[in-house]
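# Secondary and tertiary structure notes
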Amino acid sequence: MSTRIFGSGIKRREDPRLITGEARYTDDIKLQGALHMAVVRSPYAHARIVSIDASAAADLPGVRAIFTGSDIGDLAGLPTAWLIPESDLKTPEHPALASDVVRYVGDGVAIVLADSRYQAQDAADAVLVDYEELPVVVDPHEAAQAGAPQLHADVEGNIAFRWAPFDKDASDAVFAAADVVVSERILQQRLLPTAMEPRAASAQYNAATGELTLWCTSQNPHIHRFIVSAVTGLPENKVRVIAPEVGGGFGSKIPCYPDEALVSWAAMKLGVPIRWAETRSENYLTTIHGRDHVQFVDMAASNDGKILGVRATVYAGMGAYLSTAAPGIPTILHGLLYVGPYTIDNVYCESIGVMTNATPTDAYRGAGRPEATFLLERMMDKVADALDMDPVALRRQNLIPPFADGYDVAAGLTYDSGDYEAAFDKALAMAGYDDFRAQQTQALQEGRYLGIGVTAYTEMCGLGPSQVAGAVGFQGGLWESATVRVTPTGKVQALIGASPHGQGSETTLAQIISSELGFPVDDIEVIHGDTTETPMGWGTYGSRTTPVTGAALAQASRKLKEKARVLAAHLMEANPDDIEYADGSFSVKGSPDQAQSIQDVALMAHLAWNMPEGMDPGFEESQFYDPPNFVYPFGTHIAIVEVDPVTGSIDLQRYIAVDDCGPQINPEIVAGQIHGGVVQGVAQALCEGVIYDDNGQLLTGTMLDYCMPKADMFPNFELGETVTPSPHHPVGVKGVGETGTIASTPTVYNAVLDALSPLGVAQIDMPLTAAKVWQAIQNANGGN
Amino acid sequence: MNVSMTINGEAVSREVEARTLLVHFIREDLDLTGTKIGCDTSQCGACTIHVNGKIAKACTLLAAQADGADITTIEGLAENGEHHPMQTAFWENHGLQCGYCTPGMIMASAAFVRDNPGASEDEIRHYLEGNICRCTGYHNIVKAVKQVADAAAGGA
């Protein structure tokens, strides 16, 4: 493999259209004669619909049609597509429009189609809906208690599932015999994914051909095609889903939402194109939220610092309906991660999925794994405190030793490769850990409160082997497919089923192809986001596009290279075994002046004037790639903070991240993924959090009220890396899209609690706003 | 009502509803879709444009308020087919990922550096409070803006 392009931080191939405003996102695409859809949404979190009067709205200018839940009987409800086994899973019906009961603020009750966006919204505001309010519950722990308001008749006690796959007796025995047990109630607050592009969908139906085209903000257009086909009843080969430029997703553009079904249905019903784009307020009300766990966690250890077990009971808020992948997030992607990078021999997780009068939750960047890493790292610091040990020494003592090809852990996973202590040492050296502790002591004498947080992590991504997907109830495969198509003039089109939306895959995947075949990167176009143009794929999420699609492209490229080698030998009248390849050129051993470039070979394969016996014409190969295992990136993150004890404000002074995602295809893009992930995770620790009032009203419904991280909250990040290839991957790479988010929340949280420990503060619910920190200091001092 | 203005050097005139937001006028009536809408409440800055040389959030102005104005959007920032230095710096420093905040981010940063050559990193971070990015963690955006700010100071 050429090392010049693989591993080079070249500029992104995506950027020219993005920095000039030429890129076209869903709502940038105009459709001739389109009507605009607006959705009438429930202002109540739980209510019975008594009546809907749309007569005044229908008379407003520009209004072409209004439909309510009773009009859309031929549109099936939205399916849940992760049916976790052995959990007594209930999947309550999720109609695209509520016709009987609304279950969260934002639940759709009617749609208006009008000539302009303003007219549609005016008419939506004029639809009169008479509601009879019902009791509301938004906290998942409260919703699981006896006597709580009930959301769905077929979900008894609001419990959608109860997942507990581990041996409880074995866990109880470990905890009963342990020297030390520490316990904490951890609140993983609800978060708003907040992709900067709100969701949008436009649809056009051709009655003559029976074909529906849906443009939408999707991370997985092939999954959208499958679901839109299922809910509309159109055959899958008559549905074309296009995800044009997509402005971030972070998990929130995985699910199929009512809105996408409704624009499709309306386009079919009315025979004209339909456009819809949500406002940010609608995005905060109706696009999935993340996290929302109430966790009761225990960790057991021996007096000499060996971690013996971890167990948790998790009440996971599902919101009002089960979103597309929701049941898999607080279970498969959470409880199986309780070992982390440590030699913990016993884990137990009971995860209870609870229906609440809130926006549905689903995968949000990290999806279950941040919630697992946080609880492990928080409890590690508590154990260190209980044993009066240095938290770094405690972690080091429990790290899994280096392994290059497989390590079985108690949670049932087989990690692929790891050298955790190397990343740990590197990060500690960058931070100057020992010196910091001296500075901290000195600062405290001056009345300044410094703190440090150190997180060692590993995570499971590159989802994943399809056999495992099936075994855990995921209603799809998790392979990817790709085609490398070379034109007669030697230009490459790489068609992929995955659907990147900001990750830079058009560049990194081109670098893989270039390093395998020798075509210049600028001659390689990566084409994605259209179910008609691209081969089948399951989408971009779970840090899987580089590992899975990248492997498919590497293997397709290798098939082409083998074809080229045999054809080049034939053209040069040499034995294929005597052909040498270097940098896109095939030559005969010993006669370097006789050579065929990859472009020459591609042309001759297309012309097919002189092919070897049995070789087909053309220069194109496809590959389906089903990964044999997940990939497990790892690393250590360190934060240094100073807390002002007078105001409670937190100054994040340094952030060090050492990550190992195997060989880096493009170090600039890897760094960008880590920067962004870290900010998202730090923001959970410090400022982001959904607030509902007792009536289920979303109080953080705009960017005025929901605290998004801003540039001036952060220092420049200090990044380092170690390189441990994945043994099972064709080019050794692991995913890196979620590591920053997974590692950073506990890192900063623990740093703040470390700073506050001399003041007697041991716990604060996230986010650690100045007001809450200040109050915690007052409460602790109150006891003095 | 009629509104007339100059956009990216070209005179335009249209009949609009009085309540039409400038951002909708630019995107829907003029089909200049580089200017984005990210929040509706003027926090995110995705709709940042230049009005008479000053930055403005186009979601917070009516088209009528821009009557007679000279407006530049992201589509008009490049000159003679050459990227503006801020566009180049964002590309060179990997200052964007999904690209949705990028037009507003570049428009805001270009005006800031024009008025504040040699700005410090702290000043840049403080200034960028009005523009939100979810992908980059701001690190490379700050680097890009600093590069242009340093170059502007050097050339002054």
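As the structure is a prediction and not an experimental result, all values here were calculated from the model.

### Focus: unusual backbone geometry
- The omega torsion across leucine 463 of chain A and glycine 464 of chain A is -20°, close enough to zero to call that bond cis.
- One can find glycine 464 of chain A in the loop between β18 (449–458) and α14 (466–471).
- For the bond from methionine 766 of chain A to proline 767 of chain A, the omega torsion is -5°, close enough to zero to count as cis.
- Take proline 767 of chain A: it is sitting in the loop between α19 (739–756) and α20 (770–782).
- Despite not being glycine, aspartate 40 of chain B has its phi angle at roughly 75°, a positive value.
- Along the chain, the position of aspartate 40 of chain B falls in the loop between α1 (22–29) and β3 (48–51).
- Judged by the 20 C-beta atoms lying within 10 Å of it, aspartate 40 of chain B is buried.
- Residue asparagine 80 of chain B is not a glycine yet carries a positive backbone phi of 55°.
- When you line up the elements, asparagine 80 of chain B lands in the loop between β5 (70–72) and α2 (85–92).

### Regarding the domain arrangement of chain B
Residues and elements named next belong to chain B.
- Assigned domains within chain B: domain 1 (2–74) and domain 2 (85–155).
- Taken over C-alpha atoms, the centre of domain 1 sits 22 Å from the centre of domain 2.
- Contacts between the two partners involve 15 residues from domain 1 and, on the opposite side, 12 residues from domain 2.
- The set of elements that each furnish at least two residues to the side of domain 1 that touches domain 2 consists of β3 and β4 (54–57).
- Looking at which element gives the most residues to the side of domain 1 that touches domain 2, the answer is β3, with three residues.

### Describing the domain arrangement of chain A
Residue and element names in this part refer to chain A.
- The domains assigned to chain A are domain 1 (15–20 + 479–625), domain 2 (31–134 + 196–248 + 253–286) and domain 3 (367–461 + 630–782).
- The straight-line distance from the C-alpha centre of domain 1 to that of domain 3 is 40 Å.
- Contacts between the two partners involve 15 residues from domain 1 and, on the opposite side, 14 residues from domain 3.
- Of all the secondary structure elements, the ones that give two or more residues to the side of domain 1 that touches domain 3 are α15 (505–517) and α16 (545–571).
- In terms of residues, the side of domain 1 that touches domain 3 owes the most to one element, α16, which gives six residues.

### Quick word on the sheet that holds strand β22 (residues 579–582) of chain A
Residue and element names in this part refer to chain A.
- Overall, antiparallel pairing links the three strands, which are arranged β22-β23-β24 in an open sheet. Only two strands of the sheet have a single partner each, and these edge strands are β22 and β24 (591–597). Neighbour-to-neighbour, the strand axes of the sheet open up by a mean angle of 35°, direction not taken into account.
- Bridge analysis of strand β23 (residues 585–588) against β24 gives four bridges, and the strand direction is antiparallel. Of the residues in β24, the one forming a bridge with serine 587 is alanine 595.
- Against the sheet, α16 makes contact with β22, β23 and β24, and its axis sits at roughly 130° relative to β22, the strand it touches most.
- Against the sheet, helix α17 (residues 598–607) contacts β23 and β24, and its axis sits at roughly 50° relative to β24.

### Describing the interface of chain A and chain B
- With 45 residues of chain A in contact, the opposing surface of chain B contributes 45 residues.
- For the side of chain A that touches chain B, the secondary-structure elements that each account for two or more residues are α1 (15–19), α8 (280–286) and α18 (667–686) of chain A.
- Tallying contributions element by element places α18 of chain A first for the side of chain A that touches chain B, with seven residues.
- Looking at the side of chain A that touches chain B, its residues break down into 17 nonpolar, 15 polar and 13 charged.

### As for the sheet that holds strand β13 (residues 290–301) of chain A
All names here are of chain A.
- The five strands lie next to each other as β7-β15-β14-β13-β8, forming an open sheet whose pairing is mixed. Bordering the open sheet on either side are β7 (159–163) and β8 (180–191), each of which pairs with just one other strand. The mean inter-strand angle of the sheet, taken between neighbouring strand axes irrespective of direction, is 10°.
- Both β13 and strand β14 (residues 307–319) contribute to a ladder of nine bridges, which runs antiparallel. Note that in β14 the partner of methionine 299 across the bridge is valine 310.

Rules behind the numbers
- Residues numbered from 1 in each chain as written.
- Chains lettered and ligands numbered in written order.
- Predicted model: local features only at pLDDT ≥ 70, side-chain atom pairs only at ≥ 80, totals over all residues.
- Helix = DSSP H or I, 4+ residues; strand = E, 2+ residues; numbered from the N terminus.
- Buried ≥ 20, exposed ≤ 12 C-beta atoms within 10 Å, placed from the backbone.
- Domains from an automatic or database assignment.
- Contact = placed C-beta atoms within 7 Å.
- Pairing = 2+ DSSP bridges.
- Axes fitted to C-alpha atoms, helices over the stretch in contact; angles between N-to-C directions.
- Nonpolar A, V, L, I, M, F, W, Y, C, P; charged D, E, K, R; others polar.

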